[in-house]
Amino acid sequence: MTELGSMTEHGSMTEHNTGIRISVIIPVGQRHSDIRELYADYRAGLDALRTPYEFVFVLDGPHPDVMSGLDALVDSEQSNIKVIALNRPFGESTAIMTGFERSAGDVIVTLPAYHQIDAAEIGKLVTMLEVNDVVVGWRWPRAGGALERMRRTIFHGSVARVTGMRLHDLGCGARAMKRIVLQELQLYGDQHRLLAVLADRQGFRVAEVEVRQSDRDRFEGIHRPREYAHFALDVFTVFFLVRFTKKPLRFFGMLGATMFGLGAALVLYLIIERAFFGQSLADRPALILSALVVVLGLQLFALGLLAELIIFTHARHIKDYQGAQIIQYPQAGLPAATLETRSEKTAAR
Amino acid sequence: MACPPERRIMYLLSRPKAQAMYNASPKVSVIVPFYNEQDSIAPLYEAIVRALQPLQIGFEMMFVDDGSKDQTLARANQIAQRDSRVRVVKFRRNCGQTAAMAAGIEYASAEILVTMDGDLQNDPADIPMFLDAIDSGYDIVVGWRHQRQDKLISRKIPSRIANWLIGKVTGVPIKDNGCSLKAFRASVIKPIPLYSEMHRFIPAMASIAAPRIAEVRVRHHARRFGQSKYGLSRIYKVLLDLLVIKTLASFAARPLLWFGLLAAPLLLCGTVLLGYTLLSFALNGTPLSLPLAGCGIIFVASAFMLLCSGALGELVYNLGDMRDHEFARLTQRLRTRIVPVETKAQ
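Residues numbered from 1 in each chain as written. Chains lettered and ligands numbered in written order. Predicted model: local features only at pLDDT ≥ 70, side-chain atom pairs only at ≥ 80, totals over all residues.

**With respect to the overall build of chain A**
- On a plain count of helices and strands, chain A comes out with 12 helices and 8 strands.
- Among the 349 residues that make up chain A, the fraction classed as buried is 37%.
- Counting contacts in chain A only where the partners sit at least 6 residues apart, residues at least 24 apart contribute 83% of the total. (Helix = DSSP H or I, 4+ residues; strand = E, 2+ residues; numbered from the N terminus. Buried ≥ 20, exposed ≤ 12 C-beta atoms within 10 Å, placed from the backbone. Contact = placed C-beta atoms within 7 Å.)

Listed below in structure tokens is the structure:
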């Protein structure tokens, strides 16, 4: 009850703080360091910018220890802090979007809830926004074992293959972006990791900047198999989103046609064997296999058509050219006489 | 229309307030997508003005800059600063020609929309012909590059085949789908969804509404500046796009039927196979052939899956916002007689 009270009170308070330029959103998930220490650290980094800022902490699920720490912060600090507590873990993307809804700044900075980058580097991310729309951090030089390095190379290599974007550290939680970016992207699921790719796809200028890794960001042990599945799914998501969102049949059709072709070839082979070499057909397990593959191809194709139907029925909301600007100079009037006289000449001819 | 609020706001913002202060309601909008055509834009502008000025009608030009990396946008801006009839649509990134056309069509304000390429291969002097055809009652007028100035092997022959195929499949026999010089009645084309890479199929896509289509011969010039942006690799894409448009145009409102047609042969095959094996087992006592029966089961199961997909399709269509009667309304002709209700004098 007290938590709720302090939150609403705070929400209404910040309505008056119109001077805020930078909103720092910190999604607090499973992995987090001591929050007071982290806050002090980030604060030092932000103070160096000499720009009004606010902190938006989003507690992704109940974290009583963090909550009490944040309560103490809100009570003691003379600066802008918002704390949003979510009732269950919704995932980092949702946490960021929730924080974004309550943020006031034109510049949104997301920072991880543990010491990942050197806080002094936050300024670098923000200043790079002068010429970019999104700036993502790249921890470099980076600590880590050989296996971990290999995993990163493979992961980022495949993302680069799919998107043509050479990114080096999609796992870095430190990003800065203009407000409009999150307004348009509407992150969900695990898309926070792919923010740079998705923003690039929307036509935003994206830059990756090297930041010093924090001394305390050490990766303990190896990833669990589940994490690897996440990485692989990320690559697949990017692959599908970047290439086929508007033309799903090209994806499903490619798979379906390949399957169908394979199955048909197998059927043909079986029929030829039956017709010319006297092999009996009815008792061959290969027959089932071929039927299965053909049918699978057909099903995939049907899925593609269904996906096309979804795109078609929503085509009026799907626009590639989001954020297009129209430039017109109504006061310009008609051009000087040169053109008109010339056109009269051609008309007279 | 259920449009997400933030997008609606974007749309409102992106329309300048003084949009049509001058030239309040132009009759013709000429829509030209540009992608890296810095040398073409000024000559094209002059040619359009030369072609339309003598007609004494209000017209505007929509120059869509599709995220060019050269001076195209700057030069378009210069032209717009001199001529209030020019509006420039600026994309943040390269979205492709379909999106450029779609944006031009969406933001244009005239009743007749003319689209053309930005590479000077179309001649604006042909536009009056298009306008005449629209005035005489056609909804869509497409150009036909009679003497095409392109390479034979890589451009002309594939396009001949593609045009024949598109005509056969969609039932809209147009001799030259690739010609960008087209004219549309705005009320007909605006509600037609254009996305993905459909700019080659606009008449085919528009066939949902069954518009009256005319063809006129146009001049075609060889490319003067810049690079051609097409290659041979598009055949696979064209085929799939064609299939999509065909299915959407004929079946979108009846997904269950469409999947039912896919499922029918499978169901038939499966039933025959299953029936044959079961019958021969029951009547002749031959041992049950597992592979044959297995195939039958797979076919029948797959047919059911397809039917279920069709049901899913009905759900999708039901929740979407495309309705056939909206398309029917676009081109309908109305003839009514209203008999005044007679109030009987008592």
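And the narrative resumes.
**Some thoughts on the sheet that holds strand S3 (residues 86-90) of chain B**
- Pairing is mixed across the open sheet formed by 8 strands, whose spatial order is S8(A)-S3(B)-S2(B)-S1(B)-S4(B)-S6(B)-S5(B)-S7(B). At either end of the open sheet lies a strand with only one pairing partner, and these are strand S8 (325-327) of chain A together with strand S7 (213-218) of chain B. Strand-to-strand twist in this sheet, taken as the mean axis angle between neighbours without regard to direction, amounts to 20 degrees.
- Alignment of strand S5 (residues 140-145) of chain B against strand S6 (residues 182-185) of chain B, held across 3 bridges, turns out to be antiparallel. Bridged to Val141 of chain B within S6 of chain B is Ala183 of chain B.
- Lying over the sheet, helix H3 (residues 72-82) of chain B contacts S8 of chain A together with strand S1 (28-34), strand S2 (59-65) and S3 of chain B, oriented at roughly 150 degrees with respect to S3 of chain B. (Pairing = 2+ DSSP bridges. Axes fitted to C-alpha atoms, helices over the stretch in contact; angles between N-to-C directions.)

**Structural notes on helix H4 (residues 92-101) of chain A**
All names here are of chain A.
- For H4, a buried count of 7 out of 10 residues is recorded, marking the element as mostly surrounded by other parts of the structure.
- Among all positions of H4, only Glu92, Ser93, Ala95, Ile96, Met97, Gly99 and Phe100 are buried.
- Buried-residue contacts for H4 involve strand S1 (22-28), strand S2 (53-59), strand S3 (81-85), strand S4 (107-110) and helix H7 (179-185).

**A closer look at helix H10 (residues 248-276) of chain A**
- Taking 1.5 Å per residue, 29 residues should reach 42 Å; H10 of chain A reaches 41 Å between its end C-alpha atoms and fits that length.
- Turning to H10 of chain A, its buried residues are Pro248, Leu249, Phe252, Gly253, Gly256, Met259, Phe260 and Gly263 of chain A.
- Of the surrounding secondary structure, the elements contacted by the buried residues of H10 of chain A are helix H9 (225-244) and helix H11 (285-313) of chain A together with helix H9 (235-251) of chain B.
- Just downstream of H10 of chain A, Gly278 of chain A is the residue with a positive phi angle, here 70 degrees. (Expected span 1.5 Å × (residues − 1).)

**A short note on the interface of chain A and chain B**
- Each side of the interface is counted separately: chain A has 52 residues, and chain B has 67 residues.
- Taken together, the elements giving at least two residues each to the side of chain A that touches chain B come down to H10, H11, S8 and helix H12 (337-348) of chain A.
- Among the elements that line the side of chain A that touches chain B, the one with the most residues is H11 of chain A, at 17 residues.
- Taken together, the residues of the side of chain A that touches chain B sort by class into 29 nonpolar, 14 polar and 9 charged.
- Here 3 bridges tie S8 of chain A to S3 of chain B, and the two strands are oriented antiparallel to one another. Bridge pairing in S3 of chain B links Ile327 of chain A to Val88 of chain B. (Nonpolar A, V, L, I, M, F, W, Y, C, P; charged D, E, K, R; others polar.)

**Thoughts on the domain arrangement of chain A**
- Taken domain by domain, chain A comprises domain 1 (2-244) and domain 2 (248-313).
- Taking only C-alpha atoms into account, the centre of domain 1 of chain A sits 45 Å from that of domain 2 of chain A. (Domains from an automatic or database assignment.)

**Some thoughts on the domain arrangement of chain B**
- Under the domain assignment, chain B is made up of domain 1 (23-250) and domain 2 (255-321).
- Here the C-alpha centre of domain 2 of chain B lies 45 Å away from the C-alpha centre of domain 1 of chain B.

**Details of the packing of helix H2 (residues 41-52) of chain B against H3 of chain B**
All names here are of chain B.
- Interhelical geometry of H2 versus H3 gives an angle of 35 degrees and a closest axis separation of 10 Å. You can see that H2 and H3 cross each other, and the crossing is right-handed. Here H2 contributes Ile41, Ala42 and Tyr45 to the contact with H3, which in turn contributes Thr72, Arg75, Ala76 and Ile79.
- Broken down by class, the residue content of the contact of H2 with H3 amounts to 5 nonpolar, 1 polar and 1 charged. (Left-handed = near helix turned anticlockwise from the far one by under 90°.)

**With respect to the pairing of strand S4 (residues 112-115) of chain B**
Residue and element names in this part refer to chain B.
- Where burial is concerned, the two faces of S4 agree: the one with Ile112 and Val114 and the one with Leu113 and Thr115 are both buried.
- Here S1 runs beside S4; their pairing, made up of 4 bridges, is parallel. In the sheet register, Val30 faces S4, and the bridge partner there is Val114.

**Focus: the sheet that holds S2 of chain A**
All names here are of chain A.
- If you walk across this open sheet you meet the 7 strands as S3-S2-S1-S4-S6-S5-S7, and the pairing is mixed. Pairing within the sheet leaves two strands with one partner each, and these edge strands are S3 and strand S7 (206-211). Neighbour-to-neighbour, the strand axes of this sheet turn through a mean angle of 20 degrees, independent of strand direction.
- Inspection of the sheet shows S1 paired to S2 by 7 bridges, in the parallel sense. Counterpart to Val28 in the pairing with S2 is Leu59.
- In this fold H4 packs onto S1, S2, S3 and S4, with an angle of close to 145 degrees to the strand it touches most, S1.

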